[in-house]
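Observations on the three-dimensional arrangement
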Amino acid sequence: AEAGAKGRRFYFASDASAIVEHTKRVVVMEDNDMVHLKDGAYTIYSLGDANKAQGNGEGEGKGLMTETSRVLQTLEIGVEQIMKGGYDHFMQKEIHEQPEALIETMRGRILMEDPSGEPGGELQSPKLRKTLSNSTSRQSVDSDVVLRPLIKMGGLEEFLENIVASRRLIFVACGTSFHACLAARQVVEELTGLPVTLELASDLLDRKAPLFRDDTCFFVSQSGETADTLNALHYAKGKGSLCVGITNTVGSSISRETTCGVHVNAGCEIGVASTKAYTCQIVVIIMIALKLSEDSLRKRERREQIMGDLLELPRLMTKLLREEAGTVEALARELEHETSLLAFGRGYNYATALELALKVKELSYMHSEGIAAGELKHGPLALIDESMPAVVIATRDGLREKMWSTIQQLLARKGRLILLVSKDDADMCDHFSANKSLRIIKVDTICDCLQPILNIVPFQLLSYHLTILRGFNVDQPRNLAKSVTVE
């Protein structure tokens, strides 16, 4: 909506990206705020006590509006971020922006420190040295000084002791954000030694699940305005739990109402189906786990392995987007007229299977289901025949042998399989390449907890191409909205 008077214009929008091409000066409204425009000026009134007064049956409609003020902010996003930039669709652009988004998410957060505790600058792998060369931190020039990597999470520093001392860590989210939490849960448990619980925000509220003062609740949302997640946040605050926000939107309701938090820094995302925010959310949660475990000598080697591989992610993702694009597009043409698609994953990659299924169903309107491979014999195996396409995520990790067994079971039922495997897994590649009925996508191998970040990319491309081939709107699927602001 637009209103103007005396040469001034006022724009009303549910998201800042909708107005950035007109103005960068914004006022973020709170719940129950009302704006009055007159003669080129605006006044904000708060209706915060309206519901309470009406609920008590006292003073209905009288004396409820109170004039208030809200901070005038300046947007930091540029117009170029809301343009397609040479791509055909926003989703296509955002998929290909992921390497740069990962760099921005990690920039200034993975550092080096010498034994005296002095910061030594950003941790850089040789292949990313040029990319991250704008670091303003000093680099050690003494080759005898051994620098150790560390994580800096400014938004959490004050509350780290409280989080580490928690009874349990609870991640609350919806949709794709929930899948990001699921993808990172195992490594959070491994590094922190704390029990980690995942909660769908709506289900948490439906059950009125017990929360305690020594719980730490992480509320994960791309927009920071998701209604169910916000309501769960209010519920957790009422129980006295420490509330931490993880959002991609500065100034959002979740970022304002949580005690502390981390900004994802993935950049503006326009397409309804989340892509780069998903992969960057996983990275942020893993960095939080690294930060919480920094005092553990026993986990130092594992932490340094993860941090080193984190910085390889952008290069490997760029390579993957370049090398597998043709394979994925050809696969989409084969699946164009199918009505169902199954996806099997295990361990870290169960989340990948769920996210693949969500992307396919919400964009191409094809029925799809993500299934934990360990549950294959408990029902899903009955669906397998020569007409049912099924994706199996079998990259090299600690569960590789079990996934090999899953593939054999599916092939024994004449399953029509699409395999995602590691390039350096010669045994699996050679063994299944001989079967001409199989379709194989190959990805580079990286640390097991980071592998889902690479593994989802071919399936983001697959859902994109499927949607285009089936003639649907890839940026605005029917019945869906980017920010789910109602229950």
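Let me sum up the structure you'll find in this document. (Residues numbered from 1 in each chain as written. Predicted model: local features only at pLDDT ≥ 70, side-chain atom pairs only at ≥ 80, totals over all residues. Heavy atoms only, no water.)

Turning our eyes to something else, we now look at the pairing of strand S5 (residues 41-46). Here 6 bridges tie strand S4 (residues 33-38) to S5, and the two strands are oriented antiparallel to one another. Within S5, the residue paired with Val35 across the bridge is Ile44. The pairing of S5 with strand S6 (residues 66-68) spans 3 bridges and is classified as antiparallel. The residue bridging Ser46 from the neighbouring strand is Thr66, located in S6. (Pairing = 2+ DSSP bridges. Helix = DSSP H or I, 4+ residues; strand = E, 2+ residues; numbered from the N terminus.)

This paragraph deals with the environment of Leu160. Mapped onto the fold, Leu160 is located in helix H4 (residues 160-164). Along the primary structure Leu160 and Leu292 are separated by 132 residues, whereas in three dimensions their C-alpha atoms are 6.9 Å apart. What Leu160 contacts, discounting residues up to four positions off in sequence, is Lys291 and Leu292. (Contact = heavy atoms within 4.5 Å.)

Moving on, we come to the side chain of Ser241. Mapping Ser241 onto the fold places it in the loop between helix H7 (227-239) and strand S14 (242-247). Not counting residues up to four positions away in its chain, the partners in contact with Ser241 are Leu211, Phe212, Arg213, Asp215, Cys217 and Ala236.

So, about the packing of aromatic side chains. Tallied over the full model, the rule gives 4 aromatic pairs. Their ring planes at 75° and their centres at 6.0 Å tell us that Phe10 and Tyr42 sit as a pair that is edge-to-face. Residue Phe10 is found in strand S2 (residues 8-11), and its partner Tyr42 is found in strand S5; the two are separated by 32 residues along the sequence. For Tyr42, a relative accessible area of 37% puts it in the partly exposed group. Summarising the aromatic geometry, the rings of Trp404 and Phe432 are spaced 5.3 Å apart at their centres and angled 50° between planes, so their arrangement reads as tilted. In this pair, Trp404 sits in helix H14 (residues 400-412) while Phe432 sits in helix H15 (residues 426-433), placing the two residues 28 residues apart along the sequence. By relative accessible area, Trp404 is classed as buried at 18%. The ring of Tyr365 has Arg478 sitting right over it, with the charged end atom 3.8 Å from the ring centre. (Phe/Tyr/Trp six-rings, centres within 6.5 Å; stacked < 30°, edge-to-face > 60°. Buried < 20%, exposed > 50% of the residue type's maximum accessible area, 1.4 Å probe, protein only. Lys NZ or Arg CZ within 6 Å of the ring centre and 35° of its normal.)

Next up on the list: the packing of helix H11 (residues 313-323) against helix H16 (residues 451-469). It is the contact of H11 with H16, at a shortest axis distance of 10 Å, that shows an interaxial angle of 30°. The pairing of H11 with H16 is recorded here as roughly parallel in orientation. Read as a crossing pair, H11 and H16 show a hand that is right-handed. Residue-level contacts link Leu313, Leu316, Met317, Leu320 and Leu321 of H11 to Ile453, Leu454, Val457, Pro458 and Leu461 of H16. Classifying every residue of the contact of H11 with H16 gives 10 nonpolar, no polar and no charged. (Axes fitted to C-alpha atoms, helices over the stretch in contact; angles between N-to-C directions. Parallel < 35°, antiparallel > 145°, perpendicular 65-115°, else oblique. Left-handed = near helix turned anticlockwise from the far one by under 90°. Nonpolar A, V, L, I, M, F, W, Y, C, P; charged D, E, K, R; others polar.)

The next subject is the nonpolar core. Judged by nonpolar contacts, the single largest core of 92 residues is most densely connected at Phe171 and Leu310. Residues within four places of Leu310 in sequence aside, it is in contact with Met106, Ile110, Val283, Met287, Leu290 and Leu450. Counting residues in hydrophobic clusters, the runner-up holds 22 residues, among them Ala390, Ile407, Met428 and Phe432. (Core = buried A, V, L, I, M, F, W, Y, C linked by side-chain atoms within 4.5 Å.)

With that out of the way, let us pick up helix H13 (residues 350-364). Each α-helix turn comprises 3.6 residues. Residues three or four places apart therefore point the same way. End to end, H13 covers 21 Å across 15 residues, agreeing with the expected 21 Å (1.5 Å per residue, within 8%). Of all 15 residues in H13, 12 are buried, a share of seventy percent or more. Phi turns positive one or two residues past the end of H13, at Tyr365, with a value near 60°. (Expected span 1.5 Å × (residues − 1).)

Here we take up the sheet that holds strand S11 (residues 168-173). If you walk across this open sheet you meet the 5 strands as S12-S11-S13-S14-S15, and the pairing is parallel. Looking along the sheet, the strands with just one partner apiece sit at the ends: strand S12 (196-200) and strand S15 (260-263). The average angle at which neighbouring strand axes cross in this sheet is 20°, direction not considered. Strand direction decides the pairing type here: S14 and S15, joined by 4 bridges, are parallel. Within S15, the residue paired with Val244 across the bridge is Cys260. Against the sheet, helix H5 (residues 175-192) contacts S11, S12 and strand S13 (215-221), and its axis sits at roughly 170° relative to S12.

Before going further, it helps to examine the packing of helix H3 (residues 98-106) against H11. Put simply, H3 and H11 touch, their axes get as near as 8 Å, and they point 170° apart. Between H3 and H11, the interaxial angle falls into the category roughly antiparallel. Seen from H3, the contacting residues are Gln98, Pro99, Leu102, Ile103 and Met106; seen from H11, they are Leu313, Pro314, Met317, Thr318 and Leu321. Grouping the amino acids of the contact of H3 with H11 by side-chain chemistry returns 8 nonpolar, 2 polar and no charged.

It is worth spelling out the sheet that holds S6 at this point. Within a sheet, each strand pairs with its neighbour through backbone hydrogen bonds, oriented either parallel or antiparallel. Strands sit in the order S4-S5-S6 across an open sheet of 3 strands; the sheet is antiparallel. A strand with exactly one partner marks an edge of an open sheet, and here the two such strands are S4 and S6. Strand after strand, the sheet turns through a mean of 40° between neighbouring axes, direction not considered.

According to the stated counting rule, one finds 26 salt bridges in the structure shown. Between Arg70 and Asp33 there is a salt bridge; the shortest N-O distance is 2.8 Å. Of this pair, Arg70 sits in the loop between S6 and strand S7 (72-74) while Asp33 sits in strand S4, and the two are 37 residues apart along the sequence. Across the salt bridge formed by Asp444 and Lys423, the nearest N and O atoms sit 3.9 Å from each other. In this pair, Asp444 sits in the loop between strand S20 (439-443) and H16 while Lys423 sits in the loop between strand S19 (416-422) and H15, placing the two residues 21 residues apart along the sequence. The class for Asp444 is buried, based on a relative accessible area of 15%. One continuous salt-bridge network, built from bridges that share partners, spans Arg396, Arg400, Glu401, Asp424 and Asp425. (Salt bridge = Lys/Arg side-chain N within 4 Å of Asp/Glu carboxyl O.)

Another aspect to go through is the state of the cysteines. What the rule picks out here adds up to 0 disulfides. Looking at Cys260, it has no disulfide partner, and the nearest cysteine sulfur is the one in Cys243, 9.0 Å off. (Disulfide = S-S within 2.5 Å.)

A few words now on H5. With 18 residues, H5 extends 25 Å from end C-alpha to end C-alpha; this agrees with the ideal 26 Å at 1.5 Å per step. Taking the largest bend as the criterion, H5 deviates by roughly 45°, centred on Ala184. Counting buried positions over the 18 residues of H5 gives 13, a clear majority of the element. Once H5 ends, the next one or two residues include Gly193, with phi positive near 70°. (Bend = angle between axes of the 7 residues up to and from the residue.)

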